[in-house]
Amino acid sequence: MHTAMTCGAGYPELNTPARERWHVARTQPGKWRIGELHLRRQGYKAFVPQIETTVRRRQRFHLRRVPFFPGYLFVFFNTANTRWRAINSTRGISTLIMQGETPLPLPIGVVESLIARTDELGILRPEEKIAPGSSVLISTGPFANLAGTLQKLEPNGRCRVLVELLNGSVAVRLERGSIRLQD
C-alpha cells in the first residue's frame, strides 16, 4: 500500500514526494473498468476521469458514463520502491506509457486538476470559463453532438443555447453540465 497525503476522495495532494507521481496506463479496448478495479485491488491509486454522453438505443436516449481519455487511465505510484512492472500484467491493462525503460511520470498538477473538477461519482465537470456568446457543443440529450452559441447562463444550473436546425435558429434550454466549449 502507498503512503501519500490524500485529499478529497483519497487522491494525493500536490505536495507528495517527488518520486511518487501519476503515470498513464493504456487499457485494453473496453476494459477500463476492469483495469481500474484490479489496480485498486493491488493497492494502487487509479483514476479514470469520466464524462456523461448520450447514446441512442432502440429509439430512446440513454445517459452513459465514458472515459474522458478513451483507452487510458492514471495510476499513482513511486517508481523507486514499487513493483510497477506488475501493472503491465494487470487484467484490463495493456501497458504503461514508458520513457525508455521507466514509466513516464506526468507533470505535477495535471491529474490533480482533473481530480479537482470531478464530482463524487468521478464525472468530470466543465470549467466555468464558458460565457454567453461562446461556441459550445452539446454533449448529452436529444441534441447531443450539435454545435450552438450560448445565449444565457441561468442561476438554476440551466443554460440557453441557440442551435441551427432546419434552416433556422432554435433556442434550447439545457442543463449546464450538458455543454462544453467547442474546439
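Criteria and thresholds
- Residues numbered from 1 in each chain as written.
- Predicted model: local features only at pLDDT ≥ 70, side-chain atom pairs only at ≥ 80, totals over all residues.
- Heavy atoms only, no water.
- Patch = residues over 30% accessible without salt bridge, like charges linked within 9 Å, V, L, I, M, F, W, Y side chains within 5 Å.
- Areas by Shrake-Rupley, 256 points an atom, 1.4 Å probe, with all protein chains shown as cover.
- Salt bridge = Lys/Arg side-chain N within 4 Å of Asp/Glu carboxyl O.
- Lys, Arg positive; Asp, Glu negative; His and termini not counted.
- Charge placed at Lys NZ, Arg CZ, Asp CG, Glu CD.
- Buried < 20%, exposed > 50% of the residue type's maximum accessible area, 1.4 Å probe, protein only.
- Pairing = 2+ DSSP bridges.
- Helix = DSSP H or I, 4+ residues; strand = E, 2+ residues; numbered from the N terminus.
- Axes fitted to C-alpha atoms, helices over the stretch in contact; angles between N-to-C directions.
- Contact = heavy atoms within 4.5 Å.
- Core = buried A, V, L, I, M, F, W, Y, C linked by side-chain atoms within 4.5 Å.

Participant: Explain a positive patch on the surface to me, and be specific about the residues and the numbers.
Facilitator: Residues Arg33, Arg57, Arg58, Arg64 and Arg65 make up a contiguous surface patch of positive charge. With a relative accessible area of 81%, Arg58 lands in the exposed category.

Participant: Please provide a residue-by-residue account of the sheet that holds strand 4 (residues 45-47), values included.
Facilitator: Taken together, 4 strands build an open sheet; the order of strands is 4-7-3-8 and the sheet is antiparallel. Each of the sheet's edge strands pairs with one partner strand only, and the pair in question is strand 4 and strand 8 (93-96). On average, each strand axis in the sheet is inclined to that of its neighbour by 35 degrees, with strand direction left out of account. Relative to strand 8, strand 3 (residues 20-27) runs antiparallel, the two sharing 3 bridges.

Participant: Outline unusual backbone geometry, supporting the account with residue identities and numerical values.
Facilitator: With a phi angle near 60 degrees, Gln59 is a residue other than glycine that sits in the positive phi range. As for its placement among the helices and strands, Gln59 is situated in the loop between strand 5 (50-57) and strand 6 (60-67). In this model, Asn145 sits at a positive phi of 70 degrees, which is unusual for a non-glycine residue. Summarising the element assignment, Asn145 is placed in the loop between strand 11 (135-138) and strand 12 (147-153).

Participant: Please give an account of helix 1 (residues 32-41) that cites residues and values.
Facilitator: For helix 1, every residue scored as buried is listed here: Trp32, Gly35, Glu36, His38 and Leu39. Where helix 1 is buried, its residues contact strand 3, strand 4, strand 5, strand 6, strand 7 (72-78) and strand 8. Looking at the residues trailing helix 1, positive phi occurs at Gly43, about 100 degrees.

Participant: Lay out the pattern of salt bridges with the relevant residues and their values.
Facilitator: This structure, assessed with the given rule, holds 2 salt bridges. With a shortest N-O distance of 3.1 Å, Glu36 and Arg40 are connected by a salt bridge. With Glu36 and Arg40 both in helix 1, this residue pair falls 4 residues apart, about one helical turn. What makes Glu36 buried here is its relative accessible area of 14%. Notably, a salt bridge pairs Glu175 with Arg158, separated by 2.7 Å at the nearest N-O pair.

Participant: Let's hear about the sheet that holds strand 13 (residues 158-165): which residues, and what values?
Facilitator: Across the sheet, which stays open at both edges, the 5 strands sit in the order 14-13-12-11-15 with antiparallel pairing between neighbours. One side of each edge strand has no neighbouring strand; the edge strands of this open sheet are strand 14 (168-175) and strand 15 (179-181). Mean inter-strand twist for the sheet, computed between neighbouring axes without regard to direction, equals 45 degrees. Note that strand 11 and strand 15 share 3 bridges and pair antiparallel.

Participant: Now, about a nonpolar patch on the surface: what can you tell me, with residues and values included?
Facilitator: Taken together, the side chains of Phe68, Phe69 and Tyr72 define a hydrophobic patch exposed on the protein surface, amounting to about 250 Å² of accessible area. Take Phe69: it is sitting in the loop between strand 6 and strand 7. Residue Phe69 is classed as partly exposed on the basis of its relative accessible area of 33%.

Participant: Break down the environment of Thr53 for me, with residues and values.
Facilitator: Along the chain, the position of Thr53 falls in strand 5. Judged by its relative accessible area of 21%, Thr53 is partly exposed. Expressed as a C-alpha distance, the spacing of Thr53 and Ser139, which sit 86 residues apart in the sequence, is 5.7 Å.

Participant: Which residues make up the nonpolar core, and what values do they have?
Facilitator: With 13 residues, the main nonpolar core has Leu39, Leu73, Val75, Phe77 and Ile87 as its most contacted residues. Looking at this core, the elements with two or more residues in it are helix 1, strand 7 and strand 8. A total of 3 residues in this core trace back to one element, the largest contributor, which is strand 7. Excluding anything up to four places from it in sequence, Val75 contacts Arg21, Trp22, His23, Ala25, Leu39, Tyr44, Lys45 and Ile87.

What is shown is where atoms sit, not what they do.
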